[in-house]
Amino acid sequence: MKRATMILAAALAAILSTAGPSDAKLRVVTTLTEIAALVREIGGDRVEVTALAHGNEDPHFLAAKPSHSRRMMEADLLVYDGLELEVGWLPLLIEGARNPRIRPGAAGDLDLSRFIQPLEVPSGGVDRSMGDIHPEGNPHYTVDPALYPDLARAVADRLNELDSEGASFYEARLAAFERRWTEELTEWKERLAPLEGIPVVTYHKQWEYFARTFGLLIVDQVEDKPGIPPTPRHIGELEQTIRRENVPWIFLSDLNDPGNTEKLAERAGCRVLRLPQAVDSRDGTDDLFSWFDELVRVLEEAEREARR
Amino acid sequence: MKASKIVFAFVPLLFLLLAPAGAFAQSATATGISRNFNPAISLNALLLYAGGLTAAEEEHAEGEAEAEEHAHAHGTGEGFAIQETELQVTSYVDPYVKANLVLAMHGTDGFELEEGFGQALFLPRGLGLRAGKFYFEFGKHNSYHTHQYPFVERPYAWDTVLGAHGLNGAAIEATWLTPLPIYTEILATAFPLTETVYGAEELPENTWGRAAKLRNFFETSEHTTIDFGISYAGGEGVENVDRHFFAVDGTFKFIGTGSYPKKLELQGEWMRRFEEEGVNEVDGAYAHALARVTRRWHVGARWDGYFPPPEDHDAESHLEEKSVLHEHEEAHDIHTYTASLAFVPSEFQALRVDVLHRDLGEETDQAVRVQYNFTIGSHPSHPE
């Protein structure tokens, strides 16, 4: 027993005496791939960024793996979507990481939802009979390119705070990002201008922010309650809505199961449009610019086809 | 002073010593009643139908009132029963400690404290500390709460060898998530010895047991992981006889893509209890496969084995601690085969049907378990 105690004491002394991370890079862990891409835009070479979710994983239901906690253990900064999108797994990982730097309220805790105005904040009380409802509002805001300048500013401010030596570096990269983003956004808006006022149906309440920026009208969802499979009655009503409103497309992310939605589209005489929902959800969508380019391309092509 | 009392006296002292200065400054509160700082509360209920008993049922009919009472308390008798109701309360105490309480009611007999511990939030470098009462990290199955069991019942050996409540008690646990590139976690636990580990009530005072675990976790690909652990628990007990528990566990998981991915889990665990080399050696083992085949349907199959020593008088003392189905006093190998089908309409409820076939050597048992469970309240986090 005495020997065991001595070994333990020696091990503890060894841990406590080791220096911090040997390289000077700021270690950032993000929940979503698009948030990781944003941090890379601002942090450049001064940061080392990993996303916990893959581009084709559903952030509502990510499997909380111990290896995720391991990555978070050494992180200086954790950046996440918030609005309870990650509530099923992130608290568990934060606990597993045993890293006071990134715990809620610490300097290394960055909830990006605090820098946007959430849509669809329920006005009355909420309960689970309404499905997987988010009491603080719709969490799928990262598909809205118009929000990125504000999100980028929030990231830059936090990087400055944690790594003040890099302040001018981050500011310069932020300015460059904002310039390029404004140009691209103007172009994306021009390319998608013909979509303004077009009624669409979406599978999940996932495209509300995107629709707001590009003027699309979302008339209904395939899921009548978020996260709950639709009832046959709702599908019947939806078929009528699609015909009545002349809806050309049902938006489905690459994550959604197309099965019944394809059948509905066939009956109602519209088309299922599969959209990449995140950075790295498809080949060639490995940063923010290429991801939004792909989104715009898919919609632009669909619009051209619909006109023919 | 009982050893468990010492633990509880020690906890606040420990946090006092470790918390930075200024931690205990209190600011005045405004008048009125605020709900802002209420803890997160969730409640889970398990309703059970048990039926189809054969050999065990006959023995049960012959008497054994104590076993019946116990089975009733655990909701494992025949017929419909509320198996368990579990109330979980979690909150930050302050910036330095998080508290977690789990109150469980077995059947309708009143709540008991299943877990209640404080967790340090301030330790750096992957270090963790918790103190209070909790399930020890010993193998995989021991730390599962009833609603987390992969099948309705625990494997036979876990129910008999570890006792009806598993290795659970007042303890202090230190953990270290090492900075090695492969996930490596080391856990060390010290606990005052109680009947939890010994099944004996007359223990020398102030004797402490110890437990340790090494856990590795590998992400073998984007879709697959392997989890591996070795565990020990034990201590000196009645008449200076040491009792030891060892366990080795391994889990392989596959998780597909999409919102409701297909999943496969293969898990195996082996456990041994002994007093001295070769004395009163009892082995337990299980292997299971669980699969999510569609969005709402899951299937599973398990084998589990119980291997007592040839003359296992000791194991008999544990027989009182078991459900009706387990009531076989002969010391021979027992193999149980379970098939399971579950319907999971949402992450907040599930309906499960288990069919068991138990091979007791000369005779066999068949049983069916139908379990419905639901969770309400604060969104629970679920580990993978």
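None of these values were measured; they are calculated from a predicted model.

## A few points about the pattern of salt bridges
And step 1. Here the structure, examined in full by the defined rule, presents 38 salt bridges over all chains.
And step 2. Between K205(A) and E120(A) there is a salt bridge, and its shortest N-O distance comes to 2.8 Å. In this pair, K205(A) is assigned in the loop between β5 (199-202) and α7 (208-214) and E120(A) in the loop between β4 (109-111) and α5 (148-162), connecting sequence segments 85 residues apart.
And step 3. We classify E120(A) as partly exposed; its relative accessible area is 37%.
And step 4. Put simply, E153(B) and R369(B) hold a salt bridge, and the shortest N to O gap is 2.9 Å. Residue E153(B) is located in the loop between β5 (127-135) and α4 (156-160), and its partner R369(B) is located in strand β16 (residues 364-377); the two are separated by 216 residues in the primary sequence. Residues E153(B) and R369(B) agree in their burial class; the two are buried.

## So, the domain arrangement of chain A
Buried accessible area, meaning the area lost when the parts come together, often serves as the stated size of an interface.
Residue and element names in this part refer to chain A.
And step 1. What the domain assignment lists for chain A is domain 1 (19-187) and domain 2 (193-275).
And step 2. Here domain 1 and domain 2 have C-alpha centroids that lie 28 Å from each other.
And step 3. Each partner contributes to the interface: domain 1 provides 23 residues, whereas domain 2 provides 15 residues.
And step 4. The largest share of the area that domain 1 buries against domain 2 comes from L119, H140 and V143, three residues that together contribute 32% of it.
And step 5. Our count for the contact surface shared by domain 1 and domain 2 stands at two salt bridges.
And step 6. Across the pair D144 and R212 runs a salt bridge, and its minimum N-O distance is 3.2 Å.
And step 7. Tallied by class, residues from the side of domain 1 that touches domain 2 come to 11 nonpolar, seven polar and five charged.

## A look at the pairing of strand β12 (residues 282-292) of chain B
Put simply, side chains in a regular strand alternate between the two faces of the sheet.
Residues and elements named next belong to chain B.
And step 1. Taken across its 11 residues, β12 has eight buried, putting it largely inside the fold.
And step 2. Where strand β11 (residues 263-274) lies against β12, 11 bridges are found, and the strand directions are antiparallel. Bridged to L266 within β12 is A289.
And step 3. Bridge analysis of β12 against strand β13 (residues 297-307) gives 10 bridges, and the strand direction is antiparallel. Paired with G284 across the bridge in β13 is Y306.
And step 4. Between the end of β12 and the start of β13, which pair antiparallel, lie four residues.

## Observations concerning the interface of chain A and chain B
And step 1. Tallying the contact residues gives 41 residues for chain A and 44 residues for chain B.
And step 2. When chain A packs against chain B, close to 3600 Å² is buried across both sides, 54% of that on carbon and sulfur atoms.
And step 3. If you sort the residues of chain A by the area they bury against chain B, P66(A), R98(A) and R128(A) come out on top, with a joint share of 20%.
And step 4. Where chain A touches chain B, the interface holds three salt bridges.
And step 5. Seen at the junction of chain A and chain B, the total is 13 residue pairs in polar contact (both at pLDDT 80 or more).

Cut-off values and rules
Positions within a chain are numbered from 1, following the residues in the order the chain's sequence is written. Written order decides the labels, with chains lettered from A and ligands numbered from 1. Only residues with pLDDT of 70 or above have their local features reported here, since the model is predicted, and side-chain atom pairs are shown and tallied only from 80 upward, although totals for entire chains, interfaces and linings are computed over all residues. Side-chain descriptors were evaluated using all non-hydrogen atoms of the structure, hydrogens and water having been removed beforehand. A pairing counts as a salt bridge when a side-chain nitrogen of Lys or Arg comes within 4 Å of a carboxyl oxygen of Asp or Glu. For the purposes of this entry, the term helix denotes a DSSP run of H or I that reaches at least four residues, the term strand denotes a run of E that reaches at least two, and both are numbered from the N terminus. For every residue, the accessible area obtained with a 1.4 Å probe (protein chains only) is divided by the maximum for its type, and the residue is called buried under 20%, exposed over 50%, and partly exposed between those limits. In this document the domain limits rely on a domain assignment from an automatic tool or a database. Any two residues whose heavy atoms approach within 4.5 Å at even a single point are treated as in contact. When two components associate, each loses some accessible surface as probed by a 1.4 Å sphere; the sum of these losses over both components is called the buried area. Under the grouping applied here, Gly and all other residues not named as nonpolar or charged are polar, the nonpolar ones being Ala, Val, Leu, Ile, Met, Phe, Trp, Tyr, Cys and Pro and the charged ones Asp, Glu, Lys and Arg. Between any two strands, at least two bridges found by DSSP are needed for them to pair. Contacts described as polar in this section are N or O atom pairs within 3.5 Å, which, within protein, must combine one atom able to donate a hydrogen with one able to accept it, while residues neighboring in sequence count only if both atoms come from side chains.

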